[in-house]
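One-letter residues, chain by chain:
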Amino acid sequence: MFKPHISIQKLNVHYRERHVLKDITVDIPEKRITAIIGPSGCGKTTLLKSLNRLVDLVDGVKVSGNVLVDDVNIFDDGIDVTEIRKKMGLIAQMPNPLPMSIYDNIAYGPRIHGVKDERKLDQVVEHCLQEAGLWDEVKERLKEPASRLSVGQQQRLCLARALAVEPECLLCDEPTSALDPISAQYIETQLLNLKKDYTILFVTHVLRQARRLADYVIFLYLGELIEHGPAETVFTQPSNPRTKAYIEGVFG
Amino acid sequence: MNKRKLEEAFFKGLMLLSTSIVVGSLLAVFAVVILNGAPALSISMLTQTPKGGYYLGKEGGILNAIIGSLYLASGATALAFLLSLPIALYLNEYAGKSRFASLTRLSLDVLWGIPSIVYGAFAFIIMLYLGARASLLWGIITVTLFVFPIMTRAIDEVVKMSPFKLREASYALGSTRLETALKVLTRQTLPGMLTAVILAFGRAIGDAASVLLTAGYTDSVPRSLFDPVATLPLAVFFQLGTPIPEVQQRAYASGVILLVLVLLLSIASRLSTRKFMKYLIK
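Keep in mind the model is a prediction, meaning the values are calculated, not measured. (Residues numbered from 1 in each chain as written. Chains lettered and ligands numbered in written order. Predicted model: local features only at pLDDT ≥ 70, side-chain atom pairs only at ≥ 80, totals over all residues.)

### So, the overall build of chain A
Moving on, step 1. Within chain A one finds 10 helices and 10 strands.
Moving on, step 2. A globule of 252 residues ought to have a C-alpha radius of gyration of about 18 Å, and chain A, at 18 Å, matches this closely.
Moving on, step 3. Along the three orthogonal principal directions, the C-alpha set of chain A runs to about 55 × 45 × 35 Å.
Moving on, step 4. When each of the 252 residues of chain A is scored for burial, the buried share is 47%.
Moving on, step 5. A separation of at least 24 residues holds for 69% of the contacts in chain A among residues at least 6 apart in sequence. (Helix = DSSP H or I, 4+ residues; strand = E, 2+ residues; numbered from the N terminus. Rg over C-alpha atoms; globule rule 2.2 N^0.38 Å. Buried ≥ 20, exposed ≤ 12 C-beta atoms within 10 Å, placed from the backbone. Contact = placed C-beta atoms within 7 Å.)

### Observations concerning the overall build of chain B
Moving on, step 1. Across its full length, chain B holds 11 helices and 2 strands.
Moving on, step 2. Structurally, chain B occupies a C-alpha span of about 65 × 65 × 35 Å along its principal axes.
Moving on, step 3. The burial tally for chain B puts 39% of its 282 residues in the buried class.
Moving on, step 4. Restricting to contacts in chain B with at least 6 residues of sequence separation, those with at least 24 account for 76%.

### Quick look at the interface of chain A and chain B
Moving on, step 1. Each side of the interface is counted separately: chain A has 24 residues, and chain B has 20 residues.
Moving on, step 2. Secondary structure elements with two or more residues in the side of chain A that touches chain B: α2 (81-87) and α3 (102-112) of chain A.
Moving on, step 3. The dominant element in the side of chain A that touches chain B, judged by the number of residues it contributes, is α2 of chain A, at 4 residues.
Moving on, step 4. Tallied by class, residues from the side of chain A that touches chain B come to 13 nonpolar, 6 polar and 5 charged. (Nonpolar A, V, L, I, M, F, W, Y, C, P; charged D, E, K, R; others polar.)

### Things to note about the packing of helix α10 (residues 232-240) of chain B against helix α11 (residues 245-277) of chain B
All names here are of chain B.
Moving on, step 1. At a minimum axis distance of 8 Å, the contact between α10 and α11 shows a crossing angle of 160°. It follows from the interaxial angle that α10 and α11 lie roughly antiparallel. Regarding α10 and α11, the two cross each other, and that crossing is left-handed. On the side of α10, the interface is formed by Leu232, Ala235, Val236, Gln239 and Leu240, while α11 contributes Val247, Gln248, Arg250, Ala251, Ser254, Gly255, Ile257 and Leu258. (Axes fitted to C-alpha atoms, helices over the stretch in contact; angles between N-to-C directions. Parallel < 35°, antiparallel > 145°, perpendicular 65-115°, else oblique. Left-handed = near helix turned anticlockwise from the far one by under 90°.)

### Description of the nonpolar core
Moving on, step 1. Ranked by size, the top nonpolar core spans 141 residues in total, and within it Ile36 and Ala160 of chain A together with Val147 and Met151 of chain B carry the most contacts.
Moving on, step 2. For this core, the element with the highest residue contribution is helix α6 (residues 136-161) of chain B, accounting for 16 residues.
Moving on, step 3. Setting aside chain neighbours within four positions, we find Met151 of chain B in contact with Ala80, Phe81, Ser84, Ala196, Val197 and Ala200 of chain B. (Core = buried A, V, L, I, M, F, W, Y, C linked by C-beta atoms within 7 Å.)

### Quick notes on the pairing of strand β1 (residues 4-15) of chain A
Residue and element names in this part refer to chain A.
Moving on, step 1. Alignment of β1 against strand β2 (residues 18-29), held across 8 bridges, turns out to be antiparallel. When the sheet's bridge partners are listed, Tyr15 is paired in β2 with Arg18.
Moving on, step 2. The antiparallel hairpin formed by β1 and β2 contains 2 residues in its connecting segment, where Arg16 sits at a positive phi of about 50°.
Moving on, step 3. In this structure, β1 lies alongside strand β4 (residues 61-69), joined through 8 bridges in antiparallel fashion. In the sheet register, Ile8 faces β4, and the bridge partner there is Val67. (Pairing = 2+ DSSP bridges.)

### With respect to the confidence of the model for chain A
Moving on, step 1. Of all residues in chain A, 99% attain a pLDDT of 70 or more, and the chain-wide mean is 91.
Moving on, step 2. No element of chain A has a lower mean pLDDT than helix α10 (residues 241-247) of chain A, at 89, and none a higher one than α3 of chain A, at 95. (pLDDT = per-residue confidence, 0-100.)

### Side note on the packing of helix α3 (residues 63-94) of chain B against helix α8 (residues 177-206) of chain B
Residues and elements named next belong to chain B.
Moving on, step 1. One can describe the packing of α3 onto α8 by two numbers: an axis separation of 9 Å at closest approach and a directional angle of 145°. Here α3 runs over α8; the crossing is right-handed. Packed against α3, whose contacting residues are Ser69, Ala73, Ala76, Thr77, Ala80, Phe81, Leu89, Glu93 and Tyr94, the element α8 presents Arg177, Thr180, Ala181, Leu185, Val197, Ala200, Phe201, Ala204 and Ile205 at the interface.

### A closer look at α8 of chain B
Moving on, step 1. With 30 residues, α8 of chain B ought to run about 44 Å at 1.5 Å a step, yet its terminal C-alpha atoms sit only 37 Å apart, falling short of that.
Moving on, step 2. Where α8 of chain B bends most, the angle comes to about 65°, and this point is Leu190 of chain B, followed within four residues by the proline Pro191 of chain B. (Expected span 1.5 Å × (residues − 1). Bend = angle between axes of the 7 residues up to and from the residue.)

### Remarks on the environment of Glu174 of chain A
All names here are of chain A.
Moving on, step 1. Relative to the assigned elements, Glu174 resides in the loop between β7 (169-173) and α7 (181-194).
Moving on, step 2. With 14 residues separating them along the chain, Glu174 and Glu188 place their C-alpha atoms 11 Å apart.
Moving on, step 3. When near neighbours in sequence (up to four residues on either side) are disregarded, Glu174 contacts Gln93, Val203 and Thr204.

### A look at the environment of Ile87 of chain B
Residue and element names in this part refer to chain B.
Moving on, step 1. Counting through the fold element by element, Ile87 comes out in helix α3.
Moving on, step 2. A count of 20 C-beta atoms within 10 Å places Ile87 in the buried class.
Moving on, step 3. Counting along the chain gives 47 residues from Ile87 to Ala134, while the straight-line C-alpha distance between them is 29 Å.

Take a look at the structure:
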């Protein structure tokens, strides 16, 4: 059995009148890749952004239920949101580099969390860029604007930036959907390497990708959790007819 | 030719016409000021203070007004920026879509619309109440009041336009609102902010009405914030108001100097923004 890292209990999210997530209860295994699959608009991204409380930024959002990370409910009053977000690195669908140099993009996170020593920052930047498989391509031009990188490189930069604040989890929101196949494969390879150290959640609507990466699968449909379980089980012997239909490509 | 092509050609012509009217007016203003002012332009205009009472001596220069205007406009622009940046960041990052935010924006728009002479009169009454004398300081305060709504709304717009994904990226790393505002949004909006500052500086250096009652009258360069200060717009105004043709010519020459100052400043700022543009995220 998997050891749970994140425990989601009766999570409900409303955007004004719209009920986006309905009574989600599921455990996310530690140091595994969990794929969240389901058709567009089923609440995959909302689920992901609930886990680092980025849903707070949405106008008119209402959240109820618990999300326990290391046994602390991140929706408790008086919780330090910045600490939660530091723990939960996010890779967005579209690469979102900050308006600064490649170096400063990586160093931004450590700096706001109190790292001042330049030498330490240099080490962090090099280490994270290597982890993300970008170091060799950018080591000669760290001072250049991040906006000059290709989209694929930018996404790896975002991965490196997320790693730089030493998170426990990586929340990936269709991180390869905007990339060319080679860059996408690059990201996938890095994630497979990283799962020994991080709990990874991976939103995708590409089933083949989920099959390649996932150890554990969560299937959402119209805001409801239809099925979850180890990847092999869900993909080969889904217990719910809707999961079966989705996996066989009847809809989606 | 079919109808759609005709339409296209017609509106293209219309736009070209509008554009040429604008560019033409600008050139006409330049031409009139330069042609009328050129005979009176000289080095001494730039390097000396007026000889003979209050610009009427036909001799000397308008150094007092040049320096005065630069002091006044720089002081007011700097002060206005100190007000504007926090307001604009607060409106966007903290106030959200609250009623308070829309009320503030409405007030700023109303303030923007108030004529500068009203600001002058307002500050003048306060000065009377406090028993203060017209001075550089009061000129700066008045002009600040009059330019900060312009600057705030201009900065507000560029901050509002900056992409949501930047904020998301910053928050996702565990930034506070303040860090996101000061370290990310200011970087992204720097060129826009510079434009706002230049816009405000242009208004500040060019306005006569707000300083008419508050900055005082003098032929010398101010030595402290509490000295009265001369300004270029008022130099133009007073010289143009005399019946003496030579002095009127000097009014146009002062106008040329004012134009050149503003022009130099906008070119300098354009060049400096280019350096930051490359970091921007589209």
